[in-house]
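Structural characterization, general
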Amino acid sequence: MSGHDHLVGILGGMGPAATAEFYTKLVRRTPVTRDQDHLRVAIWADPTVPDRVGAVLGGTTDPYPAMLAGARRLRDLGATVAVMPCHTAHVFLPALVRDSGLRFLDMVAETVAELERRPGASGGVGLLGTRATLASGLYQRRLREERFDVVLPEEPAQLQVDLAIRKVKQGNPEAAGRHLDNAVRAMARTDARTIVLACTELPLAARHLTSTGGTDLLDPTDLLADAVIRECSAPPPAAKHRKAG
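Values in this document were obtained by computation on a predicted structure and should not be read as measured data.

The rules we used
- Residues numbered from 1 in each chain as written.
- Predicted model: local features only at pLDDT ≥ 70, side-chain atom pairs only at ≥ 80, totals over all residues.
- Heavy atoms only, no water.
- Axes fitted to C-alpha atoms, helices over the stretch in contact; angles between N-to-C directions.
- Helix = DSSP H or I, 4+ residues; strand = E, 2+ residues; numbered from the N terminus.
- Parallel < 35°, antiparallel > 145°, perpendicular 65-115°, else oblique.
- Contact = heavy atoms within 4.5 Å.
- Nonpolar A, V, L, I, M, F, W, Y, C, P; charged D, E, K, R; others polar.
- Core = buried A, V, L, I, M, F, W, Y, C linked by side-chain atoms within 4.5 Å.
- Buried < 20%, exposed > 50% of the residue type's maximum accessible area, 1.4 Å probe, protein only.
- pLDDT = per-residue confidence, 0-100.

1. Section: the packing of helix H5 (residues 107-117) against helix H11 (residues 220-233)
A packed helix pair is summarised by two numbers, namely the angle formed by the two axes and the spacing between the axes. H11 packs onto H5 with a crossing angle of 100° between their chain directions and a minimal axis gap of 9 Å. By the criterion of interaxial angle, the relationship of H5 to H11 is roughly perpendicular. The segment H5 lies against H11, with Met 107, Glu 110, Thr 111 and Glu 114 engaging Pro 220, Thr 221, Leu 223, Leu 224, Ala 227 and Arg 230. Looking at the contact of H5 with H11, its residues break down into five nonpolar, two polar and three charged.

Here you go:
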């Protein structure tokens, strides 16, 4: 299956700026010489999906029906591979795969795999994300299975992360950057060598950072875009032939 045999489905709108940013990254990171070299993409961006953070923290499935409806629309359009540029929504990913029949690439899995490939992989990994992403243990479970030390923000830093996310959603990435700056500086004083931006709004705020405090920032949406490109450029598996006899 060649790249143009694929239709990439993006289940987005959670939030809209993060969805647009992910598609921009996918376009920028795809090696092309002309328009026709780009991937075919269908974006379902539904900003009316109920709050994911409140649902995960409250133990409800309020966002799931809208997310599943969007995934089924992408499936009906013929999506061959799908992604969801929202970390908190990945709590619902196993159910989405089961109920939609779509093949989703997993942003959390891509991030853990990248950290394993990096030199000094046993160092501390800091996580900055929504309270729901951190409370769900999405990243912590997988990172600890791979023997990473996980560093979570203290409450003052988490408050700054909350504000950074909110400011991006309000259309003010510059103010978001100031709040994220405070959180990153606090994390830089811990054992974290790498900080994962585990909310898709945070990379938009990170453009306005004044310093990373000597830590490495890892953007999972970059890794997810690269995974899509790899998936769509990979040769098909070799056909298996029966032996005559």
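2. Brief notes about the nonpolar core
Membership of the largest hydrophobic core comes to 23 residues, with the highest contact counts inside it found for Leu 11, Met 14, Met 67, Met 84, Leu 96, Leu 102 and Phe 104. The set of elements that each furnish at least two residues to this core consists of helix H3 (64-77) and helix H4 (93-100). For this core, the leading source of residues is H3, giving five residues. Counting residues in each nonpolar core, the second largest holds 20 residues, with Val 151, Leu 202, Ala 206 and Leu 209 among its members.

3. Observations regarding the confidence of the model for the chain
Mean pLDDT for the chain: 93, with 93% of residues reaching 70 or above. Every residue in residues 238-245 is under pLDDT 50, and counting partners more than four places away or in other chains gives zero contacts.

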